[in-house]
Structure formats: C-alpha cells, structure tokens
Amino acid sequence: MNILFILKQFPRYGGVEKMTITLSNSLVKIGYNVCILSLFKGNKCEYMSRLDSKVVCLNMPNEKLFSRENRRHFLLVLQENEIDVIINQNMDYEVNKLMLKLKGNVQGNGKYFPAFITVVHNDPFVDFKCLDTMIKGRGVKNVLKRMLKPIYQVYIHNVVRRSYIMASLVSDKMVVLSKSYVSSCAELSRCEYEKIIAIPNGFNVDDKVDGLFLNRKKLLYVGRLVETQKKISELINIWKYLCEEFLDWDLLIVGDGPDKDVLINKAKDISNIEFKGYQDPREYYEKASIFCMTSIFEGFPMCLTEAMQFGCVPIAFDSFSAVYDIIKPGETGELVKSFDKKEYVGKLIHLIDDETYRKKLSKNAFQYVKRYDIANILPKWIELIEK
C-alpha cells in the first residue's frame, strides 16, 4: 500500500514533523511505501538524517499554493506513486480548500481519489480556552483585540469553525490526539462522531534506557522557542524567583526559534540558566531530573513522553486536556492549574526538595510512558489505513 503525507513545510523543527518521521519510518519497516509532500520548502535539512532512506520526499514546484503548476504536480504525484491513502497533517483552511477542489475535480471525472485522513494536532478549542492569555501584551494589535474582545471572539470562532468544516468536507476520517478532543472536534467540524478517531502520538522507546533514577540537579525545557505558544518567558520568571535558593541546580533550555534572542536577553542576569540551541535532546534528558513545560496550549507533546522515558519528572500547566493522558498528578508528574505561577513555584520546590518523592514519580513515569511506544501506537494507524 502507498501512503502520502502532506505537510505545509518539511523538513523543519516541530512535533508534527517529528511524528511524521517516526510514523513514516515505522510504516516503511513493515512494507508500506511512503512519500512526504511538502507544500512549501523546508529549511532544516539536518532533520532528514532521521528519516528512513526508503521514504520519498517531494516538494510543490511553485510557492503560489493554488497555481496551475502545483495542481498538476499534485495529481501527478498521486498517479506516479499510485497513492492509496493521504495523511494530511494540516488544519490550514487554504490547504484543505485546495485538496477539496482537487478531490472534486478527480472524482467529477469518474476517477479514483485516495482515501483522505486529516490529523488535528492541537486541542480543537485552544483558540477559545486561551484567548485571554494570547491577547495579553502591550502591542497595538493586542490592545485593539482586548478593546474589541466580543467582536474578536466571534471572528475567531468563525475562522476556527470554517477551518474544521473544510477539513471535514475533504476528509474520510479525522484523527485527534486524545479521546478528550473527539467531542470538540465533532462540534466544530459538524461531522459524526464515527468519523473521528483518537490516536495519540507515539515515540521510539530507547531500549538502552534503564530507568534508574540519578540525582541530577538539572531542570530542562526542550522545544521550539516560540512565545505565543510555549511561554518560555514564564519558565524563566519562575526560575528567576528560585535560582538563588537552589544554587546547585541549573535550568537547561534546548531548542531554537524566532524568540531565541529575546529570551536570552531576558535571562542574561539570571544565574544557572543555559541556552543550548537546537540539539539532539537525548543527552539533556539523561542529565535532567525535572522537565518543565509552561505552554499555553499543546496537542499531545512528544517532548513530555520522551523526557519521561529517561526518568525526568514532568511538571506542566493543565492548559490542554490531553496532558491528563500523559501526567497523572502525584503519580507520574505534577499538573498546575493553568497559568497559576504561585502553584507552579510551590510544586517545583517540592520536586526539587523532596528527593524521595521525585524518585517515586520518576520510576512511575518511566513505566507509564511505555504505553506510547510507537510499537503500541502503530497498530491503530494500520487498522485505520487498511480500512
């Protein structure tokens, strides 16, 4: 069977791209033929070293998405590679509008169009739940959004619903990353529950990790340095409050992104904090005891499950419902009421101070997260694809 993944931009850093690589590699190992089509050219070629050489990577020829050249090229990709199933990694309205138009043209001519699966990589209601946090700030745009909040809320609702309805129209199935997202996806897309299936992100379990707890006095963040979603500045503020009290501990920030320079400048007078840039995170997972997340929203963050594999105890805001699938409070990590910095500080102090408690959570996390081994997630994808 022949599978085509569609990404807006590939290769680039991010959880969607990492999951695409993990799933593609797993599929080719069991005999599937896999292609990845990037609608716009990616810029992080070092990611390609993680991709199985059997996976075929393709690009649209024209930067203008709706160009005739792109439409012809896409149909040629389907024909030449005899694609059976398309896995669309986009919720972009314009992308799905193009897909729907091409699907209609092909089927209108009496020809076969592949089965179409769209993956929703975030909490469907994220734009509503986190609106107040997302329009904070001194910028003119944010000030206007706050002044006109009722109108802006209606606008956001219409934009989001339009995207979900378009995705539903083009898709035979929609995949969400947690069962907790099914009802909200159905509500926004106006489709039947039967059309939506929950499949969490999987990751490659490292058999060499023994799970032994080490007294590693390091806090860790791994991910893109993007303030609008990740709010790394909140983590820096929290560490600024604690760093003088825990001089033998360090905060490591691993990742790259558009807000890197701003964040480095913010942290310049804070002790025991290091920015490592984009790196293979494995050695940092091995060095750290606690993994810190302060995101406004996520879908099903792979960095949490990857960190737990190495015995890192996660702490995060409960700002997205799927986090409860990963962190069991007081058992596999700590959850904090959304954006309550005082509670976050208190629970982080407890994790740092109480080594026995930290060790218990570390061992539990190490065992619990194995359920998200790609070997356990892959059968769910195979069942969906084969249908």
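Residues numbered from 1 in each chain as written. Predicted model: local features only at pLDDT ≥ 70, side-chain atom pairs only at ≥ 80, totals over all residues. Heavy atoms only, no water.

Novice: Explanation requested: the pattern of salt bridges in the structure shown.
Specialist: Side-chain pairs of opposite charge can arise where the charged atoms are in close proximity. Tallied over the full model, the rule gives 13 salt bridges. Put simply, aspartate 248 and lysine 217 hold a salt bridge, and the shortest N to O gap is 2.7 Å. Here aspartate 248, found in the loop between helix 10 (232-242) and strand 9 (250-254), pairs with lysine 217, found in the loop between strand 7 (196-198) and strand 8 (218-222); they are 31 residues apart in sequence, far enough to count as distant. Classification of aspartate 248 by relative accessible area gives partly exposed; the value is 43%. With its nearest N and O atoms 3.0 Å apart, the salt bridge here joins aspartate 250 to lysine 218. (Salt bridge = Lys/Arg side-chain N within 4 Å of Asp/Glu carboxyl O. Helix = DSSP H or I, 4+ residues; strand = E, 2+ residues; numbered from the N terminus. Buried < 20%, exposed > 50% of the residue type's maximum accessible area, 1.4 Å probe, protein only.)

Novice: How should empty space enclosed by the protein be read in this particular structure?
Specialist: Here the idea is plain: a probe the size of a water molecule rolls over the atoms and shows the empty space left. In total, this model carries 1 cavity of 30 Å³ or more according to the counting rule given. In this structure, the largest cavity occupies an estimated 70 Å³ of space. Together, Phe5, Met19, Leu23, Ile87, Gln89, Val119, His121, Leu177, Ile199, Pro200, Asn201 and Trp381 line the largest cavity. Considering only residue class, the lining of the largest cavity consists of 9 nonpolar, 3 polar and no charged. (1 Å grid on protein atoms, 1.4 Å probe; cavity = no way out; pocket = protein on both sides within 12 Å on 5 of 7 lines; lining within 4 Å. Points joined across faces, edges and corners; volume = space filled by probe spheres on them. Nonpolar A, V, L, I, M, F, W, Y, C, P; charged D, E, K, R; others polar.)

Novice: Looking at this structure, I do not really get a nonpolar patch on the surface. What am I missing?
Specialist: Taken together, Val140, Val143, Leu144, Met147, Leu148 and Ile151 make up a surface patch of nonpolar side chains, about 590 Å² in accessible area. Here the nonpolar patch gets 4 residues from one element, more than from any other, and that element is helix 6 (residues 140-147). Inspection of the secondary structure puts isoleucine 151 in helix 7 (residues 149-170). (Patch = residues over 30% accessible without salt bridge, like charges linked within 9 Å, V, L, I, M, F, W, Y side chains within 5 Å. Areas by Shrake-Rupley, 256 points an atom, 1.4 Å probe, with all protein chains shown as cover.)

Novice: Can you help me understand the nonpolar core in this one?
Specialist: For soluble globular proteins, nonpolar side chains are generally found buried alongside one another. Counting 74 residues, the largest nonpolar core has Phe5, Ile87, Met174, Leu220, Phe291 and Trp381 as the members making the most contacts within it. A total of 6 residues in this core trace back to one element, the largest contributor, which is helix 17 (residues 374-386). In this structure phenylalanine 5 touches Thr20, Leu23, Ser24, Leu27, Val34, Cys35, Ile36, Leu37, Ile87 and Gln89, once residues within four positions along its chain are discounted. (Core = buried A, V, L, I, M, F, W, Y, C linked by side-chain atoms within 4.5 Å. Contact = heavy atoms within 4.5 Å.)

Novice: When you look at the sheet that holds strand 10 (residues 273-277) in this model, what are you seeing that I'm missing?
Specialist: What links the strands of a sheet is backbone hydrogen bonding, and the strands pair in either a parallel or an antiparallel sense. Spatially, 6 strands are ordered 10-9-8-11-12-13 in an open sheet, and the strand pairing comes out parallel. Strands at the two margins of the open sheet, each flanked by one partner only, are strand 10 and strand 13 (334-336). Strand-to-strand twist of the sheet, defined as the mean angle between neighbouring strand axes without regard to direction, takes the value 20°. Here strand 12 (residues 313-317) runs beside strand 13; their pairing, made up of 3 bridges, is parallel. Within strand 13, the position partnered with alanine 316 by the bridge is leucine 335. On top of the sheet, helix 10 reaches strand 8, strand 9, strand 10 and strand 11 (290-292); it is set at about 170° to strand 9, its chief contact. Along the sheet, helix 16 (residues 355-368) makes contact with strand 11, strand 12 and strand 13, crossing strand 12 at roughly 90°. (Pairing = 2+ DSSP bridges. Axes fitted to C-alpha atoms, helices over the stretch in contact; angles between N-to-C directions.)

Novice: What's the story with the layout of surface pockets in this structure? I'm lost.
Specialist: Taken as a whole, the second largest pocket encloses approximately 600 Å³ of empty space. Taken together, 22 residues make up the lining of the second largest pocket; nearest its centre are Thr22, Arg50, Phe203, Asn204 and Glu306. For the lining of the second largest pocket, the secondary-structure elements that each account for two or more residues are helix 1 (15-29), helix 12 (282-287), helix 13 (302-309) and helix 17. Element by element, the count of residues in the lining of the second largest pocket is highest for helix 1, at 6 residues. The residue inventory of the lining of the second largest pocket, partitioned by class, reads 10 nonpolar, 5 polar and 7 charged.

Novice: In this structure, what is going on with the sheet that holds strand 2 (residues 33-41)? I would like to understand it.
Specialist: A sheet is described by the order of its strands in space; here 7 strands give the open sequence 3-2-1-4-5-6-7, paired in parallel fashion. Each edge of the open sheet is held by one strand with a lone partner, namely strand 3 (56-59) and strand 7. Neighbour-to-neighbour, the strand axes of the sheet open up by a mean angle of 25°, direction not taken into account. Here strand 4 (residues 85-88) runs beside strand 5 (residues 115-119); their pairing, made up of 4 bridges, is parallel. Bridging from a neighbouring strand, isoleucine 86 pairs with phenylalanine 116 of strand 5.

Novice: Quick question: what am I supposed to make of helix 1 here?
Specialist: For an α-helix the count is 3.6 residues per turn, leaving residues at separations of three or four pointing the same way. Over its 15 residues, helix 1 extends 21 Å from the first C-alpha to the last, a length consistent with the 21 Å expected when each residue adds 1.5 Å. In terms of residue burial, helix 1 counts as a mostly covered element, since 12 of its 15 residues are buried. Among all positions of helix 1, only Glu17, Lys18, Met19, Thr20, Ile21, Thr22, Leu23, Ser24, Asn25, Ser26, Leu27 and Val28 are buried. For helix 1, the secondary structure elements touched by its buried residues are strand 1 (2-10), strand 2, helix 13 and helix 17. Taken from the residues just after helix 1, glycine 31 is the one with a positive phi, measuring 105°. (Expected span 1.5 Å × (residues − 1).)

Novice: Is there a simple way to explain the packing of helix 2 (residues 68-80) against helix 3 (residues 93-108) in this structure?
Specialist: Any two packed helices are characterised by how steeply their axes cross, that is the angle between the axes, and by the distance between the axes. Running from N to C, helix 2 and helix 3 point in directions that differ by 65°, and their axes come no closer than 11 Å. For the crossing formed where helix 2 meets helix 3, the hand is right-handed. From helix 2, Arg71, Phe74 and Leu75 reach across to helix 3, where they touch Leu98, Met99, Leu102 and Val106. Taken together, the residues of the contact of helix 2 with helix 3 break down into 6 nonpolar, no polar and 1 charged. (Left-handed = near helix turned anticlockwise from the far one by under 90°.)

Interpretation note: all reported values are geometric properties and have no functional meaning in isolation.
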